[in-house]
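Structure assessment
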Amino acid sequence: MEIIANLNSGKGNGKKCVDAITAYLDERAVEYNVHETAAKGHAEQLVKRLCAEGAQTVVALGGDGTFHEVLNGIDFTRSRLGLVPAGRGNDFAKGTGAASLDPIEAIEDVIRGEPAELDYIDVSDRRCINVAGTGLDVEVLLKTARSGNKLSYVASLFRCLLSYKPYSVKATVNGETLAYDCIMAGVCNGSQIGNGIRLSPISLADDGKLDLIIMEKPKHTPTVFVMPKFVKGKHMNKPYTHHVVCEQVYIETPAPLQLDGEIYYDLKFDAKIVKSGLKTFKRSN
């Protein structure tokens, strides 16, 4: 078992999780190696090397950003991916139930070894495990990164809504091209982002479908007033929310993209579902 660990994830939660699972594995004489990430992009490099060397089981330990990197480097023809959530939000695991939030339970599922297959999103040959988006979510991530006191996602969302200006996008999906005055567009495999914001509460990571969620500026209500409904996932039936179930969508947008919270500036928003492409392990409970 090869464990790729981001010790800095979750404000130090990564280190605690590594200590817990290595003690557990040592007690049971399970063979493993820990590979600590040293910089952005390092996890992807590590997993590529490990797969080339014949690793059959690779465990990603960290937040959704770490999962994103490992997903983009792993060779699923050779290796199966275990997930140990150790970030601040752990939105993919919480929203889909794909992995236990308890590190011991998560590693037990890997050891047990019962295979499971989930979907992932391909966005112009970059893989995305949870949600790909453009618009307000990107602005919030940028503001959070720039903040000296590390504002929470929800606090940053509130600030951005006070001044955010919608822009035009075109979405080509299910044979139609639709135009929107967009605040945010998300292509969802998982159901939530930003540490619990339920962008697409109906999404399932094993249904072979994508959920396209486009939110426009409300016509008669200040945008900031809709935030509580958005956070709780109660925006789906509102006139400013558009939901399309699809397998592929192309979005023309002037804005950067985020995939699992990672910002991309020069990536075309051409998204398609990869059915059962994520080879992982079944949860025991």
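Everything in this summary refers to the structure shown in the same document. Nothing here was measured: the structure is a model prediction, and the numbers come from that model.

1. Details of the sheet that holds strand E1 (residues 2–5)
As summarised here, the arrangement of the four strands in space is E2-E1-E3-E4, forming an open sheet in which the pairing is parallel. Sheet topology places strand E2 (33–36) and strand E4 (80–85) at the edges, where each strand pairs with a single neighbour. Looking at each pair of strands side by side, their axes are set apart by 25 degrees on average, direction ignored. One ladder, built from four bridges, connects E1 with strand E3 (residues 57–62); its direction is parallel. From the neighbouring strand, glutamate 2 faces E3, where its bridge partner is valine 58. The sheet contacts of helix H3 (residues 64–73) involve E1, E3 and E4, and relative to E3 the element is tilted by about 150 degrees.

2. Overview of unusual backbone geometry
Phi angles above zero are rare outside glycine, and asparagine 174 is one such case at about 50 degrees. Looking at the element boundaries, asparagine 174 is found in the loop between strand E8 (167–173) and strand E9 (176–188). One non-glycine residue, aspartate 260, lies in the positive phi region at around 55 degrees. Residue placement: aspartate 260 occurs in the loop between strand E13 (257–259) and strand E14 (262–264). Aspartate 260 gets classed as buried once you look at its relative accessible area, which sits at 8%.

Rules used throughout
Residues numbered from 1 in each chain as written. Predicted model: local features only at pLDDT ≥ 70, side-chain atom pairs only at ≥ 80, totals over all residues. Heavy atoms only, no water. Pairing = 2+ DSSP bridges. Helix = DSSP H or I, 4+ residues; strand = E, 2+ residues; numbered from the N terminus. Axes fitted to C-alpha atoms, helices over the stretch in contact; angles between N-to-C directions. Contact = heavy atoms within 4.5 Å. Buried < 20%, exposed > 50% of the residue type's maximum accessible area, 1.4 Å probe, protein only.

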